Structure formats: structure tokens, C-alpha cells
Amino acid sequence: QVQLVESGGGLVQPGGSLRLSCAASGSIFIIYAMGWYRQAPKKQRELVAVITSGGSTNYADSVKGRFTITRDNAKNTVYLQMNSLKPEDTAVYYCNADLTSSAYPSRHNSWGQGTQVTVSS
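Notes on the structure in this doc start here.

About the cut-offs
Residues numbered from 1 in each chain as written. Predicted model: local features only at pLDDT ≥ 70, side-chain atom pairs only at ≥ 80, totals over all residues. Heavy atoms only, no water. Helix = DSSP H or I, 4+ residues; strand = E, 2+ residues; numbered from the N terminus. Rg over C-alpha atoms; globule rule 2.2 N^0.38 Å. Buried < 20%, exposed > 50% of the residue type's maximum accessible area, 1.4 Å probe, protein only. Phe/Tyr/Trp six-rings, centres within 6.5 Å; stacked < 30°, edge-to-face > 60°. Lys NZ or Arg CZ within 6 Å of the ring centre and 35° of its normal.

1. Focus on the overall build of the protein
Link 1 in the chain: Within the protein, the regular secondary structure consists of zero helices and 11 strands.
Link 2 in the chain: Reading the protein from its N end, one meets helices and strands in the order β-β-β-β-β-β-β-β-β-β-β.
Link 3 in the chain: Relative to a compact globule of 121 residues, whose C-alpha radius of gyration would be 14 Å, the protein shows 14 Å and is just as compact.
Link 4 in the chain: Its C-alpha atoms put the protein at 45 × 25 × 20 Å along the principal axes.
Link 5 in the chain: In the protein, buried positions account for 41% of the 121 residues.

Here you go:
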């Protein structure tokens, strides 16, 4: 069974920074892409950033230039450095991995439990 465990959320003032981490563990065969999504109250979950195993990245327009996604393949860990945070960044942030595992050999998505990020003065 695969687990994705997020950490690093919290309360920060506008203009501040936070760094989220997500570690994948379990009987993992291959992790193709890892990413971060977020869901604000009464809104749909949206993609924030994604990174492939080769290091290619893609960002939502709303976070370009402020957020940076990186990945440590040896540790099966993905990070999201969030700078110049705005109140509209407030949401639950979810880690996602596109992977195969011993339990589910077909390529599929696995999700973390989410971590709250609140940007407020």
C-alpha cells in the first residue's frame, strides 16, 4: 500500500513563504509524476504544480513566478516552495503521485491527506 504524507502547512502573513513536503512510501514500483493540487472552500480542486521524473515542470498561471516545485527521486519526495503568498492561496493543499505499485501494478493516482495553508494578516 502506498502512502503520501504531507507536511509544512500553516498560517502565514501575506507576502510570506512556506515550504510543503510530501513523501511517498510503500511498495512503489515507479513514480512518473508528482504534483500539488489545492482546494479552497466552495471551489473545485485545481492543479498548482507538477513535476515529472525527468524534472519537467508545469505551473498554474496564478502561481508562476512565486511557487517552485522540486523533487528528490531517491527519497520519493516532492517539495513546493511558496513565496510571496497571497490570501487567495489559502486552501488545503494535496500531494498527488502518478505511479505503479505492487498492490496496483497499473498506472494510477495516489493522494495525500492534505495540509492546510492559510494566508492572512
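2. Looking at the packing of aromatic side chains
The description of two aromatic rings rests on the distance between their centres and on the angle between their planes.
Link 1 in the chain: Counted by the stated rule, this structure contains one aromatic pair.
Link 2 in the chain: Taking 5.0 Å as the distance between ring centres and 65° as the angle between the ring planes, the aromatic pair formed by Y37 and W111 counts as edge-to-face. Taken together, the residues Y37 in strand β4 (residues 28-39) and W111 in strand β10 (residues 108-111) connect sequence positions 74 residues apart.
Link 3 in the chain: Judged by its relative accessible area of 24%, Y37 is partly exposed.
Link 4 in the chain: With a relative accessible area of 38%, W111 lands in the partly exposed category.
Link 5 in the chain: Just above the ring of Y79 sits the side chain of R19; from NZ or CZ to the centre is 4.1 Å.
Link 6 in the chain: One cation-aromatic arrangement involves R107 over Y32; the distance from NZ or CZ to the ring centre is 3.8 Å.

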